[in-house]
Amino acid sequence: MAREVLWALYALAVRLFVPDAATLHAYMRAVEGRPTGTNLRSLRSIAEVCPRFPYALLYRGIKSREMHRGRSALKDLAGCLARDPGNPECLAEKVAAHSDLGEVKLAQRDFEVLRGNFPQYAQLFVAARKAGVIQ
């Protein structure tokens, strides 16, 4: 149930905050593409064009983590949370980025926030990490 609610909220956010079809197409191409500098720049541009849309920064953070750019990822994820403080995906990725950098105490702190605000999402996050679905 929690997953379905998250997908519904994501679809709603995309429709509300992405202004036109061309921007949506560029966003989807960058999200679905490999982690490259071009896709990072595209997501940054989309974040600038859509200042209330947190997902451009979320996926920029994800792509940065995939490229082993932990500090960049944390900056983007902080921007995501500034736009949407209650976004569980941004918070979960922030936990993972801190973990990647060996910042165990910060990862644990953010995980406790995630678990306190979104217990079901925190359970999904832990299960996915254990299964190797996410790193």
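Before reading further, recall that the structure is shown in the block above.
Residues numbered from 1 in each chain as written. Predicted model: local features only at pLDDT ≥ 70, side-chain atom pairs only at ≥ 80, totals over all residues. Heavy atoms only, no water.

## Quick word on the overall build of the chain
And step 1. Each helix and strand in the chain was counted, giving eight helices and zero strands.
And step 2. By residue count, 43% of the 135 residues in the chain fall in the buried class.
And step 3. Here the analysis covers contacts within the chain between residues at least 6 apart in sequence; of these, 51% occur between residues at least 24 apart.
And step 4. For the chain, the exposed area adds up to about 7,900 Å²; of that, 57% sits on carbon and sulfur atoms. (Helix = DSSP H or I, 4+ residues; strand = E, 2+ residues; numbered from the N terminus. Buried < 20%, exposed > 50% of the residue type's maximum accessible area, 1.4 Å probe, protein only. Contact = heavy atoms within 4.5 Å. Areas by Shrake-Rupley, 256 points an atom, 1.4 Å probe, with all protein chains shown as cover.)

## Re a positive patch on the surface
And step 1. Together, Arg 41, Arg 44, Arg 69 and Lys 75 give the surface a local cluster of positive charge.
And step 2. Structurally, the position occupied by Arg 41 is in helix H3 (residues 37–49). (Patch = residues over 30% accessible without salt bridge, like charges linked within 9 Å, V, L, I, M, F, W, Y side chains within 5 Å. Salt bridge = Lys/Arg side-chain N within 4 Å of Asp/Glu carboxyl O. Lys, Arg positive; Asp, Glu negative; His and termini not counted. Charge placed at Lys NZ, Arg CZ, Asp CG, Glu CD.)

## Looking at the state of the cysteines
And step 1. Inspection of the entire model under this criterion finds one disulfide.
And step 2. Here Cys 80 connects covalently by a disulfide to Cys 90, the sulfurs 1.6 Å from one another. Highlighted residues: Cys 80 in helix H5 (residues 70–83) and Cys 90 in helix H6 (residues 88–100), separated in sequence by 10 residues. Cys 90 shares its class with Cys 80; the two are buried. (Disulfide = S-S within 2.5 Å.)

## Observations regarding H6
And step 1. Its 13 residues place the ends of H6 18 Å apart at the C-alpha level, agreeing with the 18 Å of an ideal helix rising 1.5 Å per residue.
And step 2. Most of H6 is tucked away, with 11 of its 13 residues classed as buried.
And step 3. All of the buried residues in H6 are Pro 88, Glu 89, Cys 90, Leu 91, Ala 92, Glu 93, Lys 94, Val 95, Ala 96, Ala 97 and His 98. (Expected span 1.5 Å × (residues − 1).)

## A closer look at the packing of aromatic side chains
And step 1. The full count for this structure, using the stated rule, is three aromatic pairs.
And step 2. Through successive ring pairs, a cluster of aromatic residues spans Tyr 27, Phe 53, Tyr 55 and Tyr 59. (Phe/Tyr/Trp six-rings, centres within 6.5 Å; stacked < 30°, edge-to-face > 60°.)

## Side note on helix H4 (residues 55–66)
And step 1. Helix length check: H4, at 12 residues, gives a terminal C-alpha distance of 16 Å against a target of 16 Å (1.5 Å per residue), a fit within 8%.
And step 2. The element H4 is extensively covered by neighbouring structure, given that 11 of its 12 residues are classed as buried.
And step 3. Taken residue by residue, H4 has Tyr 55, Ala 56, Leu 57, Leu 58, Tyr 59, Arg 60, Gly 61, Ile 62, Lys 63, Ser 64 and Arg 65 as its buried positions.
And step 4. Of the residues trailing H4, His 68 is marked for its positive phi of about 60°.

## Details of the nonpolar core
And step 1. Membership of the largest hydrophobic core comes to 33 residues, with the highest contact counts inside it found for Tyr 27, Phe 53, Leu 58, Tyr 59, Leu 114 and Phe 125.
And step 2. Only helix H2 (21–32), H3, H4, H5, H6, helix H7 (104–117) and helix H8 (119–131) provide two or more residues apiece to this core. (Core = buried A, V, L, I, M, F, W, Y, C linked by side-chain atoms within 4.5 Å.)

## With respect to unusual backbone geometry
And step 1. With phi around 60°, His 68 is a residue other than glycine that occupies positive phi space.
And step 2. If you trace the backbone, His 68 turns up in the loop between H4 and H5.

## Considerations on the packing of H4 against H5
And step 1. In contact at an axis separation of 8 Å, H4 and H5 are set at 165° when each is read in the N-to-C sense. In terms of orientation, H4 and H5 fall into the roughly antiparallel class. Seen along the crossing, H4 lies across H5 with a hand that is left-handed. Between H4 and H5, the contacting residues are Leu 57, Leu 58, Arg 60, Gly 61, Ser 64 and Arg 65 on the first element and Ser 72, Ala 73, Asp 76, Leu 77, Gly 79, Cys 80 and Arg 83 on the second.
And step 2. A class-by-class count of the residues in the contact of H4 with H5 yields five nonpolar, four polar and four charged. (Axes fitted to C-alpha atoms, helices over the stretch in contact; angles between N-to-C directions. Parallel < 35°, antiparallel > 145°, perpendicular 65-115°, else oblique. Left-handed = near helix turned anticlockwise from the far one by under 90°. Nonpolar A, V, L, I, M, F, W, Y, C, P; charged D, E, K, R; others polar.)

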